[in-house]
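One letter stands for each residue in the lines below.
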Amino acid sequence: MKDFLKIMLASAIGFVIAQILISLIAMLIFFGAAGSFLGSMSSEKFALQENSVLNLMLDGTIVERTAEPDPFTSLISSEYQKTVGLNDIVSAIRKAKSNDKIKGIYIDSRMLTASMATLAEIRGELESFKESGKFVVAYADSYTQGGYYLASVADKIALNPQGMLDLHGLYSTPIFFKEALDKMGIKMQIFKVGTYKSAVEPFTQNEMSDANREQVSSFLSDAWSFLRNDFAESRSLTTEEIDNHANNLPLLQTTDYLISSNLVDTLLYETEMKNYLRTLLDIEEDKKIPSATVANMKSVKTKTVQKTENTIGILYAIGSIESGTGSSNIQDKYMVDQIEKLRKDDEIKAVVFRINSGGGSAYASEQIWKAITNLKKEKPVVVSMGDMAASGGYYIACNANKIVAQPTTLTGSIGIFGMFPNLEGTTKKIGIHSETVKTNEFSDFGNITRSLTNTEQQRMQAYIESGYDLFLTRCAEGRGMSKDSLALYAEGRVWTGNQAKEIGLVDELGGIEKAIEIAAEMANLGKSYVVFEYPKMRSPLDELLNPSKEELVAKTAKEYLGDSFELIMLLKNIKEQDYIQARIPFDLNIK
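Sequence order as written defines residue numbering, which begins from 1 separately in each chain. Confidence filtering applies because this is a predicted model: local features only for residues at pLDDT of at least 70, side-chain atom pairs given and counted only at 80 or more, and all residues used for totals across whole chains, interfaces and linings. With hydrogens and water set aside, each side-chain value is computed from the structure's full complement of heavy atoms.

Enquirer: Go over the side chain of E64 with me, naming the residues and quoting the values.
Expert: Mapped onto the elements of the fold, E64 is located in the loop between β1 (52-63) and α2 (71-76). When checking whether two residues touch, look at their non-hydrogen atoms; a contact exists if any pair is within 4.5 Å. If we skip the residues at most four places from it in the chain, E64 touches G85, L86, N87, Y316, I318, R354, N356 and G386. Counting from the N terminus, the helices are the DSSP runs of H or I reaching at least four residues and the strands are the DSSP runs of E reaching at least two.

Enquirer: Which residues make up unusual backbone geometry, and what values go with them?
Expert: A cis geometry characterises the amide bond from Y534 onward to P535, with omega recorded as -10 degrees. Tracing the sequence through the fold places P535 in the loop between β20 (530-534) and α22 (540-545). Phi is positive for E491, which is not a glycine, with a value near 60 degrees. Mapped onto the secondary structure, E491 falls in the loop between α19 (483-487) and β18 (494-496). Relative accessibility under 20% of the residue-type maximum defines a buried residue, over 50% an exposed one, and the middle range a partly exposed one, all with a 1.4 Å probe and only protein chains included. Classification of E491 by relative accessible area gives partly exposed; the value is 28%. With a phi close to 55 degrees, N524 is a non-glycine residue in the positive phi region. Looking at the element boundaries, N524 is found in the loop between α21 (512-522) and β20. The class for N524 is exposed, based on a relative accessible area of 69%.

Enquirer: I'd love a proper account of the packing of aromatic side chains, names of residues and values included.
Expert: In this description, an aromatic ring pair is defined by two values, namely the gap between the centres and the angle between the planes. Put simply, two rings from Phe, Tyr or Trp (the six-membered ring, in Trp's case) pair if the centres are within 6.5 Å, and we call them stacked under 30 degrees between planes, edge-to-face over 60, tilted for the rest. Within the structure shown, the criterion is met by nine aromatic pairs. A centroid spacing of 6.3 Å and a plane angle of 85 degrees characterise the contact between F191 and F420, whose relative ring orientation is edge-to-face. Taken together, the residues span a long stretch of sequence, with F191 in strand β6 (residues 187-193) and F420 in strand β17 (residues 416-422) at a distance of 229 residues. On the basis of relative accessible area, F191 is assigned to the buried category, the value being 6%. A centroid spacing of 6.3 Å and a plane angle of 55 degrees characterise the contact between W224 and F231, whose relative ring orientation is tilted. The two residues W224 and F231 agree in class, both being buried. Members of the aromatic cluster, joined through ring pairs, are Y143, Y148, Y149, W224 and F231. Two thresholds decide whether a charge sits over a ring: the Lys NZ or Arg CZ must be within 6 Å of the ring centre and within 35 degrees of the ring normal. The ring of Y196 is capped by R493, whose NZ or CZ atom sits 5.0 Å from the centre of that ring. Between the NZ or CZ atom of R493 and the centre of the ring of W495, over which it lies, the distance is 4.6 Å.

Enquirer: Before we move on, could you go through the pairing of strand β3 (residues 102-113) and cite the residues and values that matter?
Expert: If DSSP finds at least two bridges between two strands, the strands pair. Sheet analysis places β1 next to β3, joined by nine bridges and oriented parallel. Counted as the bridge partner of S52 is I102 from β3. For a crossover, the right-handed case is the one in which the path from the first strand over the helix to the second runs clockwise, viewed with the strands pointing away from the viewer. Running through helix α5 (residues 116-130), the crossover from β3 to the neighbouring parallel element strand β4 (residues 135-143) is right-handed.

Enquirer: I'd like to hear about the nonpolar core, residue by residue, with values.
Expert: Grouped together as the largest cluster of nonpolar side chains are 55 residues, with contacts concentrated most on F353, I368, M385 and I414. Each residue touching I414, except ones within four places of it in the same chain, is listed here: Y394, Y468, F471, L472, C475, L486, A490, E491, G492, R493 and L505. Within this scheme, the nonpolar core is defined by two criteria: the residues are buried Ala, Val, Leu, Ile, Met, Phe, Trp, Tyr or Cys, and they are joined through side-chain atoms within 4.5 Å. Of all hydrophobic cores here, the second largest spans 50 residues; its members include I107, M116, A138 and A154.

Enquirer: How would you sum up helix α4 (residues 86-98)? Please name residues and give values.
Expert: One less than the number of residues in a helix, times 1.5 Å, gives the span that helix is expected to have. Compared with an ideal rise of 1.5 Å per residue, which puts 13 residues at 18 Å, α4 spans 19 Å between its outermost C-alpha atoms and is within 8% of the ideal. Restricting attention to buried positions, one finds in α4 the residues L86, N87, D88, I89, V90, A92, I93, K95 and A96.

Enquirer: I'd love a proper account of the pairing of strand β15 (residues 402-405), names of residues and values included.
Expert: Bridge analysis of strand β14 (residues 381-390) against β15 gives three bridges, and the strand direction is parallel. In the sheet register, S384 faces β15, and the bridge partner there is V404. With two bridges joining them, β15 and strand β19 (residues 508-509) adopt parallel strand pairing. Bridge pairing in β19 places V404 opposite E508.

Enquirer: Any chance you could break down the pattern of salt bridges for me, citing the residues and the numbers?
Expert: Take a side-chain nitrogen of Lys or Arg and a carboxyl oxygen of Asp or Glu: if they are within 4 Å of each other, that pair is a salt bridge. Per the counting criterion, the structure on display carries 26 salt bridges. Across the pair R65 and E533 runs a salt bridge whose closest N-O atoms are separated by 3.5 Å. Here R65 is found in the loop between β1 and α2, whereas its partner E533 is found in strand β20, with 468 residues between them in sequence. Of the residues examined, R65 reaches a relative accessible area of 12% and is grouped as buried. Look at E533 and you get partly exposed, because its relative accessible area is 26%. Between E284 and K287 there is a salt bridge, with its nearest N and O atoms 3.9 Å apart. Under the relative-accessibility criterion, K287 is labelled partly exposed at 44%. It is possible to trace a salt-bridge network through shared partners that takes in K438, D444, R450 and E456.

Enquirer: Now, about the side chain of R235: what can you tell me, with residues and values included?
Expert: Summarising the element assignment, R235 is placed in helix α9 (residues 210-235). A relative accessible area of 5% places R235 in the buried class. There is a polar contact of 2.9 Å between the side chain of R235 and the side chain of D265. Dropping the residues within four chain positions of it, R235 is found in contact with Y148, S152, I157, N262, L263, V264 and D265. Identification of polar contacts relies on pairs of N or O atoms within 3.5 Å, with a donor-acceptor requirement for protein atoms, meaning one able to donate a hydrogen and the other able to accept it, and with residues adjacent in sequence counted only if both atoms are side-chain atoms.

Shown next as structure tokens:
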């Protein structure tokens, strides 16, 4: 009895001590985060100096846009340190172009990760910047291909004498795991329409189908032709020479080869590059170089911007399309609510719908399509496609007044599929058995411990085909084409923006600025208008006082799961009855 009491007492004391420690740790985290937050709020704002350069550090992952991190999320996730918003980069370059205090741009290229269309957007802004007569110079210890693509715009490209340069072309490596599923006894029951609808292939095959290989080869070749032409033009080389260099694996060539091939202009250590930069600014050696980062440029004002009668709204739709009310990804009820607010706002005369999505739920896509249709009745809607606007991403775009895409945007993929996992083999392998008692024939439809019956399979396929017919109808009506004509370019096939323009799925090639110009013209706004972004990004104070548990969990999961996160979210959506998916393959893995 004594031993029992001792154990109980020790357990109770241990529990109390643990609770005290947890509380102390929580308090330290809270006050530390609050202190960091208050410090950031009270810190002196950046002041741009005369004779400055924009230090364009290309490091980490470039996404459409980023919010100010809430202190709590920053403590558990390094995501914010790894990402930078495309909108912030574009804004910084434009401000630098018009601000007399900035004399040029210094591209500091590091381990950059960005998709082709994002790179094209930034490159276009750099080319526009050069029209001001200001200089652009670039330096890297080693250039990634994406970093080199942006650096190739520069007046002078410098590389560390011991550095490397990657120029290899493009490749795609999809992952297949059918054999792994077989070993676990999992069978994916697939229903689809579209010869090229390859999103289901990882679940059903161990290699690419001929149709998928054809489309991937096609869009890779077309995208590379644009990158290759840009490289060639910037470096005064022919496209054949660029291909020859790519085939010579410059990553493992000597720096002498890189110089003699005119891939770079000079070899300098970083300190020497900084001294060269000082000569361009006409300042003494060892003097600090006045500079501004992309983050600094957020506080540099061009002029006071207020809402006027000439306002264009940019509505961002980024991520997987899902059913739901949250603000993460593209959740239909939340997005419809945002669209309705823009429709009812009389001061907003036109909307640019910025889409960067590989699709998702067909049902959710239809709801957003309807909201855009209603918006279009009252004011012009111009779609600006980012890295991809495919499948469901194209569904929500197709009814806009105009569609603008980068030549290397991935779009199309007009096709749908349904997928049901059957775990009957798994349960047998591990010795789990189940029986079903039901009142009606289809009471247990969707039961993952058995395969679908022939009747269920027939009805599911008919359901998918009906959904595909609706998808075709929406696209044909939106693009002003007959359904038969549009069907020739559907079947789930992925196209580049350039290819999509040739077949009528896209109207213009260009970036978000091109879309804004078209929207202003359609709304008869002339050159006098202001632009606001929606949904509004939450301020640091909002993030501190109103943290979203859903977003916190999603960000944390994505941080640790990486590319597997989207696959897990797909299975979650299927589980929640989003049987029909209008989605591009999960990870094209283009590099």
